Amino acid sequence: MAVSPEVVLRLQDVACGYAGRAVLSGVSLEVRAGEILALLGRNGAGKTTLFRTVLGLLPAVGGTVEVGGRPLDRLSRRERARQLGYVPQVGEEPFGHRVLDVVLLGRTASLGWRPVPGPRDVAVARESLDRLDIADLAERGLGELSGGQRQLVLVARALAQRPAVLMLDEPTANLDLGNEVRVLACLRDLAADGVAVVFTSHRPEHAFGVGSRALLLQPDGSYTVGPVRDVLTAVDLGRAYGVEVRITPTDGGHGPTLCAAVLPSPRT
Amino acid sequence: MTLAEPTRQAPGRDRRTRRVVTVTVVLSVALVVGALLAATLGRYPLSVPAIVTTLADPSAHPGDAQVLFEVRLVRIAAAALIGAALALAGAAFQAVFRNPMVSPDVLGASGGAGTGASLALLLGLGVAGIQTLAFVGGLGAVLLALLVDRLIDRRGSVLTLILTGLVVSSTCSALISLIKYVGDPENRLPQITFWLLGGLSSVRPSDVVLLGGSLLVGGAVLIALRWRLTALSFGDEQATALGVDVRLVRLTTIVAATLLTAVAVSVSGVVGWVGLIIPHLARILVGSDNRVVVPVAAIAGALFLLGVDTVSRAVSAIEIPLGILTALLGAPVFLYLLALGRRRGWL
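Residues numbered from 1 in each chain as written. Chains lettered and ligands numbered in written order. Predicted model: local features only at pLDDT ≥ 70, side-chain atom pairs only at ≥ 80, totals over all residues. Heavy atoms only, no water.

### Let's talk about the overall build of chain A
So, point 1. Along the backbone of chain A there are nine helices and twelve strands.
So, point 2. For 268 residues, the compact-globule estimate of 2.2 N^0.38 gives 18 Å, and chain A sits close to it at 19 Å.
So, point 3. Counting only C-alpha atoms and orienting by the principal axes, one finds that chain A spans roughly 65 × 45 × 40 Å.
So, point 4. In chain A, which comprises 268 residues, the proportion classed as buried is 53%.
So, point 5. In chain A, once contacts between residues fewer than 6 apart in sequence are set aside, the share between residues at least 24 apart is 63%.
So, point 6. Surface exposure of chain A reaches about 12,000 Å², of which carbon and sulfur atoms provide 51%. (Helix = DSSP H or I, 4+ residues; strand = E, 2+ residues; numbered from the N terminus. Rg over C-alpha atoms; globule rule 2.2 N^0.38 Å. Buried < 20%, exposed > 50% of the residue type's maximum accessible area, 1.4 Å probe, protein only. Contact = heavy atoms within 4.5 Å. Areas by Shrake-Rupley, 256 points an atom, 1.4 Å probe, with all protein chains shown as cover.)

As structure tokens, this is what we get:
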């Protein structure tokens, strides 16, 4: 029997929220290297809050977050950045920066006392671009790229941090159908290389497509976590989003699993 | 899978590097040549050969040497150092506030310095007193802005800080007006007005030492932090996730840039626009990479203020105040940059 990969991210009884008031509490879960965890829930359910807490951008109200076997609050900013790679939503980056320089920013945590990145950092940055098949964008300006390309550049930047866990905040928001599925495929490939991936999404189909596990937040603050098909049932999704949901496998289970909400009946 | 459209051949790092090197060399050479030419201009005639001779052997013509070393070079050095300091501070502030419209006195450095200097003039203090109070006032105004910001907004947003700076600046102008109002209109009032217009006519060798020292310290800090400033341009959250201590970098940058501004303003009076337009000019020349923008802005700032100061003292018998010239030149240049920026989409 194969030894299961190491746990790289562990949440124990985590409570998270703002100004000491918990929005969400009692969250426990483990993510192993090579796994993809999809985070789902309605707007305001606490996805982003949980996400920010795991990244250490928001102090946990209770419980512990462990990254690479060490509690998050004992890690310095630099150590965190070498464990957790954050991929924000596309849309707020300043224009005018060259793609290679943006990816090089991923090396900042590894600079130590050096003021600027050196040739070895450039090599790591180019390698990250290569890994996502976007090496030919290196010399372009970020402002010239399409949304999908920019999203991949931000993934490359996070990869240049050489993190154990890649955290993506709605990586497919604002992308067209083709770019959406390309970004998902890229996450699948990264996980196959042993990176643990955590992403938030509004589309259960993404979890069915590439997720190994899913965490579904309910409006009342409860949650379920486990294998995608066990967690994302029509009933639980319906409860989470407050609508009726249909889940349909295609091509006898070999094609993509479709998931859609039923339009509420018209008012009479 | 590939998202990359087949586009033009990688425009090449070499072309970029070549451009940066060309710009740096051209600006540096222009600065040296400009300094040499500026040294020839003035009431006492000095030719380029005479300057070269004097530089090689100061004892050859004691008269030339006295004018060159005690007057011309002091002023040239002061103009270049102040230009470099203001441009560096401007580039740093624009990066830290993620706002290209910000100038080094955004947190009240100039207003505070003006208040301090006006007070010193009102009290009839000497040059040393004016400079000291101007420096203390400039630094004090920025510290006040930082403190008030800390009290109002504990999360430390950039917008609150800019607004607190604005409030401190306006309060300073009110105080300056008050000092002018109570000042003796025969004597003190013209002095205050003249100081506020900015100028280098009374600059002393010790000022150059002071300016050089602050540029060495403040400049070194800003040069060391310039990569982290690029990370800050992506927002506090992303910068933090990249491993940058956002608050520390921001505070250190503000302190270093304020030191540069306060020292410069205490020597020259209020010289506006340099810190606003020169960083933009640097970005147009070499792109938005702070690794090159910050040093290039320093050289360009030195060249610019040297040029303007030379015009201010050589173009007519009566010296034109430096602040007036930088404003007259700065306003149209700024409008041009604004138009260019809108067209190219970075504003």
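### Focus: the pairing of strand β2 (residues 21–32) of chain A
So, point 1. For strand β1 (residues 7–18) of chain A and β2(A), the ladder comprises eight bridges, and the chain directions are antiparallel. Residue pairing for β2(A): A:Leu9 is matched across the bridge by A:Val31. (Pairing = 2+ DSSP bridges.)

### Side note on the packing of aromatic side chains
So, point 1. All told, the structure shown has three aromatic pairs over all chains when counted by the stated rule.
So, point 2. Their ring planes at 65° and their centres at 5.8 Å tell us that B:Trp273 and B:Phe334 sit as a pair that is edge-to-face. Here B:Trp273, found in the loop between α10 (246–268) and α11 (274–286), pairs with B:Phe334, found in helix α13 (residues 322–344); they are 61 residues apart in sequence, far enough to count as distant.
So, point 3. The ring centre of B:Phe234 lies 5.2 Å from the NZ or CZ of A:Arg157, which sits over that ring. (Phe/Tyr/Trp six-rings, centres within 6.5 Å; stacked < 30°, edge-to-face > 60°. Lys NZ or Arg CZ within 6 Å of the ring centre and 35° of its normal.)

### Digging into the nonpolar core
So, point 1. Judged by nonpolar contacts, the single largest core of 130 residues is most densely connected at A:Val155, A:Leu166, A:Val197, A:Leu232, B:Phe93, B:Phe97 and B:Ile254.
So, point 2. If one sorts the elements of this core by residue count, helix α3 (residues 62–96) of chain B sits on top with 17 residues.
So, point 3. Once residues within four sequence positions are removed from consideration, A:Leu232 is found in contact with A:Leu40, A:Pro204, A:Ala207, A:Phe208, A:Ala214, A:Leu216, A:Leu237 and A:Ile247.
So, point 4. The next biggest cluster of nonpolar side chains, apart from the first, holds 30 residues, and it includes A:Cys16, A:Ala196, A:Leu217 and B:Ala241. (Core = buried A, V, L, I, M, F, W, Y, C linked by side-chain atoms within 4.5 Å.)

### Some points on the interface of chain A and chain B
So, point 1. In this assembly, 44 residues from chain A lie in contact with 31 residues from chain B.
So, point 2. Roughly 3,600 Å² is buried in total at the junction of chain A and chain B, and carbon and sulfur atoms are behind 59% of that figure.
So, point 3. Connecting chain A to chain B are four salt bridges.
So, point 4. For the salt bridge of B:Arg16 with A:Asp101, the shortest nitrogen-to-oxygen distance reads 3.8 Å.
So, point 5. Along the contact surface separating chain A from chain B lie eleven residue pairs in polar contact (both at pLDDT 80 or more).
So, point 6. Secondary structure elements with two or more residues in the side of chain A that touches chain B: α2 (77–83), β6 (84–87), α3 (99–104), α5 (147–160) and α6 (177–192) of chain A. (Buried area = accessible area lost by both parts, 1.4 Å probe. Salt bridge = Lys/Arg side-chain N within 4 Å of Asp/Glu carboxyl O. Polar contact = N/O pair within 3.5 Å; in protein donor to acceptor, adjacent residues only side chain to side chain.)

### Regarding helix α6 (residues 158–182) of chain B
Residue and element names in this part refer to chain B.
So, point 1. Spanning 25 residues, α6 covers 37 Å between terminal C-alpha atoms, matching the ideal 36 Å at 1.5 Å per step.
So, point 2. Every buried residue of α6 is accounted for by Val158, Leu161, Ile162, Thr164, Gly165, Val168, Ser169, Cys172, Ile176 and Ile179.
So, point 3. The inward-facing, buried residues of α6 abut α3, α4 (109–122), α5 (127–152), α7 (188–197) and α10. (Expected span 1.5 Å × (residues − 1).)

### Quick word on the packing of α3(B) against helix α8 (residues 205–232) of chain B
All names here are of chain B.
So, point 1. Close contact between α3 and α8 brings their axes to 9 Å; oriented N to C, the two are set at 25°. The orientation of α3 with respect to α8, classified from their angle, is roughly parallel. As for the relative orientation of α3 and α8, their crossing is left-handed in sense. In this structure, α3 uses Val74, Ala77, Ala78, Leu81, Ile82, Ala84, Ala85, Leu88, Ala89, Ala92, Ala95 and Val96 to contact α8, whose residues at the interface are Pro205, Val208, Leu211, Gly212, Leu215, Gly219, Leu222, Leu229 and Leu232.
So, point 2. Looking at the contact of α3 with α8 residue by residue, the classes come out as 19 nonpolar, two polar and no charged. (Axes fitted to C-alpha atoms, helices over the stretch in contact; angles between N-to-C directions. Parallel < 35°, antiparallel > 145°, perpendicular 65-115°, else oblique. Left-handed = near helix turned anticlockwise from the far one by under 90°. Nonpolar A, V, L, I, M, F, W, Y, C, P; charged D, E, K, R; others polar.)

### Looking at the sheet that holds strand β5 (residues 70–71) of chain A
Residues and elements named next belong to chain A.
So, point 1. Strand order in the open sheet formed by four strands is β2-β1-β4-β5, with antiparallel pairing between adjacent strands. If you trace the sheet from one side to the other, it starts and ends with β2 and β5, each paired once.
So, point 2. Sheet analysis places strand β4 (residues 62–67) next to β5, joined by two bridges and oriented antiparallel. Opposite valine 67, over in β5, you have arginine 70 as the bridge partner.
So, point 3. Packed onto the sheet, helix α1 (residues 47–55) meets β1, β2 and β4 and runs at close to 125° relative to β1.

### Considerations on the packing of α5(A) against α6(A)
Residue and element names in this part refer to chain A.
So, point 1. At a minimum axis separation of 10 Å, α5 and α6 run at an interaxial angle of 20°. When the axis of α5 is compared with that of α6, the two are roughly parallel. You can see that α5 and α6 cross each other, and the crossing is right-handed. The residues of α6 that touch α5, namely those facing Gly148, Gln151, Leu152, Val155 and Leu159, are Asn179, Val183, Cys186 and Leu190.
So, point 2. Residue composition of the contact of α5 with α6, grouped by class: six nonpolar, three polar and no charged.

### Concerning a nonpolar patch on the surface
Residue and element names in this part refer to chain B.
So, point 1. On the surface, Val21, Val25, Val29, Val33, Leu37, Val48 and Val52 cluster together into a nonpolar patch covering about 540 Å² of accessible area.
So, point 2. Listing elements by their share of the nonpolar patch, those giving two or more residues are α1 (13–40) and α2 (48–56).
So, point 3. At five residues, α1 tops the list of elements feeding residues into the nonpolar patch.
So, point 4. Note that valine 21 resides in helix α1. (Patch = residues over 30% accessible without salt bridge, like charges linked within 9 Å, V, L, I, M, F, W, Y side chains within 5 Å.)

### Some details on the sheet that holds β6(A)
All names here are of chain A.
So, point 1. With respect to topology, six strands assemble into an open sheet ordered β6-β7-β8-β3-β9-β10, the strand pairing being mixed. With one partner strand each, in any of the chains shown, β6 and β10 (223–227) form the two edges of the open sheet. Here the average twist between neighbouring strands, direction ignored, is 15°.
So, point 2. Pairing of strand β3 (residues 36–41) with strand β8 (residues 196–200) involves four bridges; the strand directions are parallel. Among the inter-strand pairings, leucine 37 is bridged to a residue of β8, identified as valine 198.
So, point 3. On the sheet, α1 packs against β3, β6, β7 (165–168), β8 and β9 (213–217) and is oriented at approximately 140° with respect to β3.
So, point 4. On the sheet, helix α9 (residues 234–241) packs against β3 and β9 and is oriented at approximately 40° with respect to β9.

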